[in-house]
Amino acid sequence: MLRSRLAGLYYCLTKKNSDVAKVMRDLGFLTEVGEDDPNAQFRARAYYRAADTIASLPEDVAVMYSRNGIKGLLEIPSIGKAIAAKIEEYIKTGKVHTLEKMKAEIPINIDELYGLEGVGPKTIRALYDKLQVKNLADLEKAAREGRLRTVPGFTERKEQDVLKKIEFFRTGRGRHIIGEVYPLIKQIEKSLLQVAGVKNAVAAGSVRRMKETIGDIDYLVAASDPEPVMDFFTKMPEVQEVFGRGPAKAFVRLTSGIDADLLVVPEESWGSALQYFTGSKEHSVELRKIALSKGLRLNEWGVFKGEKRVAGAAEEEVYQALGLQWMPPEMRENAGEIELARQNRIPKLVEYGSLKGDLQVHSENSDGTATIEEMARGAKAFGLDYIAITDHTKSLALAGGLDGQELLEQAQKIAELNDRLEGGFRVLASAEVNIMKDGSLDIADNVLDKLDIVGAAIHSHFNLPVEAQTERLTRAAKNPNVDILFHPTGRLINKRLGYPVDIEQVIEVAKDTGTVLEIDAHYDRLDLKDEYARMAVKKGVKLVVDSDAHHPIHYAFLMFGVAQARRGWATPADVLNTLPADRLLKVLK
DNA sequence: GCCGTTTTCGGCCCGACTGTTTTCAGTCG
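Since the model is a prediction, treat every value here as computed from it, not as a measurement.

**Topic: the pairing of strand β17 (residues 516–520)**
Counting buried positions over the five residues of β17 gives five, a clear majority of the element. By the alternation rule, side chains of β17 split into Val516, Glu518 and Asp520 and Leu517 and Ile519, which are all buried. Sheet topology note: the β17/strand β18 (residues 543–546) ladder contains four bridges and is parallel. The residue bridging Glu518 from the neighbouring strand is Val544, located in β18. For the handedness criterion, the β-α-β arrangement of β17, helix α23 (residues 530–539) and β18 is classed as right-handed.

Encoded structure:
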């Protein structure tokens, strides 16, 4: 008895929402693949919905279960009796009988086959039944041997398509880091605006929502005659291959390996089309349900009452027709924003271009490529009023880290530079102090307290267990000289997960100590990520958005950091470097 | 499988594009 209770407790502590959500997604997927009855798609959808809900819960379902049992689970929307029982089973035993049975019946590699573009559940079923295709390798082999075309629905051409898609999937070109493709996206947007007859053009989709990575680019164009736009788009020099083209929609792959869609609508549908093409899908689905409940119908062409269009030209009027306040695209993830819109309580988010300073900037004195003065003048030209020079410290030898004496000398030079700089621009003496394995710092407190501002960061021992890593980070936060934790989770998007850390505990400690958490705006990092930024904002922990510039052109990264702050629902009051330097320093005292 | 100011049963978001379908299923966003 005791043993089983302990086992239960163990699972409670180890099953994260992402694990439970994965189980739900697998159940949904196998339901779609394995069952033919017309209701299967709705059961699958119920599983997917539950997965999404669980993934975005602020607290682990396992913890909620340990507190209130099944009853607690049933209070979660889109979780009913059957799914609650499965979650309970999973928390207690680490398995779900139904799922195991399905997996035994159709032993396919879900992770590999789910999400392969153009190959849906029905196709996967046919492939398994006819050719025993269980994974990507099987699929590739069957395609190469020309066996795919024996499956109904497949032709030689589709066989070739599958091979291309496998290649695309393998080379990891599925999702692109937004900062890497943003210039290209904007360049094409601009050239679409130049096409004769075009009234408006914008990259919608995840680009407009400013997600950290994007799957494809969704261009929306307003024009009365789609033909010339379609022609221009499919023949642009950036296009490698045209996948499809209808009267008002086209799909292409660009030479840079990213897919782009185009939709052309008349001006009177611009707003509804913009809403539709911006998404997220989940957000749009909710809007359409609201439309239905009001006796309306929402699609990309407008909001309709019967046959009559009652809104559609502007996004604002679409939301208004549904009884909702308009909201910034960065919030549209169906994560509570619709309820706020209903109550007219959408927060005023921190604005692009509203940052007055940048608190993580490197110079050539460590691993930067410009002098402090060049970084200062670059920041001024960019429109900032101050920067903090945060060169690395001595234990980061690779980056040419400074020791205490060198930091103090640098502070003296910064003071002299400030006298020389015109227009009230200010450079703050600072450092990106290295957090050691035990959470201590590599620079003495009697040096740190002479700097204007101190950031601390982890650059080593990434593989400590979560408890040790959390302790290490919170110990640094508790040092009264530390003002900011830089890039708090250490992740590199698409390259490195980041060290394991209990971010909720870090946020708790930051709240107690008044430590500020950074959103490092470098597009590789965007750390804190949107979700964690929102947790911090919710708890009242202050943020700063920094470029992590190693050259003056890197100040342009700040917009991606502001985007993450906005995705975290941060207002100007939540982001301290929207303040002038003197007020910022006062807050940090 | 979930859910209910029309319903505890019968719905479940909506439209475009593709292929070989000559009236629709599969897939996508």
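**Here we look at the protein's contact with DNA strand B**
Near DNA strand B you find 43 residues, and of these Arg45, Ser78, Gly118, Thr123 and Arg288 are the closest. Within 4 Å of the protein, the atoms of DNA strand B are drawn from sugar and phosphate moieties in a proportion of 68%. A distance of 3.4 Å separates a phosphate oxygen of DNA strand B from a polar atom in the side chain of Trp301. Those elements that provide at least two residues to the surface near DNA strand B are α3 (40–55), α5 (81–93), α8 (121–131), β5 (239–245), β6 (249–254), α15 (281–293) and β8 (297–299). With six residues, the top contributor of residues to the surface near DNA strand B is α3. Residues of the surface near DNA strand B, tallied by class, amount to 18 nonpolar, ten polar and 15 charged.

**So, the sheet that holds strand β9 (residues 302–305)**
The strands making up a sheet associate through backbone hydrogen bonding, with each pair oriented either parallel or antiparallel. Taking strand neighbours across the sheet as the criterion, the three strands line up as β8-β9-β10 in an open arrangement whose pairing is antiparallel. The two strands at the open ends of the sheet, each matched to only one other strand, are β8 and β10 (308–311). Pairs of neighbouring strands in the sheet enclose a mean axial angle of 40°, with direction left out of account. Note that β9 and β10 share three bridges and pair antiparallel. Of the residues in β10, the one forming a bridge with Val303 is Ala311.

**Regarding the sheet that holds β17**
The strand order across the open sheet built from five strands is β14-β15-β16-β17-β18, with neighbouring strands paired in parallel fashion. Looking along the sheet, the strands with just one partner apiece sit at the ends: β14 (432–434) and β18. The pairing of β14 with strand β15 (residues 455–457) spans three bridges and is parallel. For Asn434, the partnering residue across the bridge sits in β15 and is Ala457. Sheet strands touched by helix α24 (residues 558–567): β17 and β18. Its angle to β18, the strand with the most contacts, is close to 155°.

**Some points on the pairing of β9**
Bridge count between β8 and β9: three bridges; the pairing is antiparallel. Within the sheet, the bridge partner assigned to Leu298 lies in β9 and is Val303. Hairpin connection between β8 and β9: a loop of two residues separates the two successive antiparallel strands. Counted between consecutive antiparallel strands, the loop separating β9 from β10 contains two residues, among which Gly306 sits at a positive phi close to 65°.

**Quick look at the UniProt feature "domain: Helix-hairpin-helix DNA-binding motif class" (unreviewed entry) in chain A**
Here, UniProt's "domain: Helix-hairpin-helix DNA-binding motif class" (unreviewed entry) annotation points to residues 71–90, 111–130 and 146–165. In residues 71–90, helix accounts for 70% and strand for 0%; the two terminal C-alpha atoms are 16 Å from one another. Each end of residues 146–165 is marked by a C-alpha atom, and these two atoms are 16 Å apart; helix forms 50% of the span and strand 0%.

**Description of the packing of aromatic side chains**
A full pass over the atoms with the stated rule returns seven aromatic pairs. Aromatic pair Tyr276 and Phe277: ring centres 5.6 Å apart, planes at 15°, arrangement stacked. Accessibility expressed as a relative area gives 9% for Phe277, which makes it buried. Between Phe382 and Tyr555 the ring centres are 6.1 Å apart and the planes differ by 35°, which places this aromatic pair in the tilted class. With a gap of 173 residues between them, Phe382 in helix α18 (residues 372–382) and Tyr555 in the loop between β18 and α24 connect regions that are remote in the sequence. When its relative accessible area of 44% is taken as the criterion, Phe382 is described as partly exposed. Given the relative accessible area of 0%, Tyr555 is considered buried. Taken together, the ring pairs in this structure connect Tyr182, Tyr523, Phe557 and Phe560 into an aromatic cluster. Its guanidinium or amino end placed over the ring of Trp569, Arg534 lies 3.5 Å from that ring's centre, counting from NZ or CZ.

**Side note on the side chain of Gln469**
Tracing the sequence through the fold places Gln469 in helix α21 (residues 466–478). A residue is classified by how much of its surface remains accessible, and Gln469, at 0% relative accessible area, is buried. Apart from residues no more than four positions distant in its own chain, Gln469 is found in contact with Ile458, His461, Phe462, Asn463, Leu464, Tyr499 and Pro500.

What counts and what doesn't
Residues numbered from 1 in each chain as written. Chains lettered and ligands numbered in written order. Predicted model: local features only at pLDDT ≥ 70, side-chain atom pairs only at ≥ 80, totals over all residues. Heavy atoms only, no water. Buried < 20%, exposed > 50% of the residue type's maximum accessible area, 1.4 Å probe, protein only. Helix = DSSP H or I, 4+ residues; strand = E, 2+ residues; numbered from the N terminus. Pairing = 2+ DSSP bridges. Right-handed = clockwise from strand over helix to strand, strands pointing away. Near = heavy atom within 4 Å. Polar contact = N/O pair within 3.5 Å; in protein donor to acceptor, adjacent residues only side chain to side chain. Nonpolar A, V, L, I, M, F, W, Y, C, P; charged D, E, K, R; others polar. Axes fitted to C-alpha atoms, helices over the stretch in contact; angles between N-to-C directions. Contact = heavy atoms within 4.5 Å. UniProt positions renumbered as here; feature names shortened; annotations may be inferred. Phe/Tyr/Trp six-rings, centres within 6.5 Å; stacked < 30°, edge-to-face > 60°. Lys NZ or Arg CZ within 6 Å of the ring centre and 35° of its normal.

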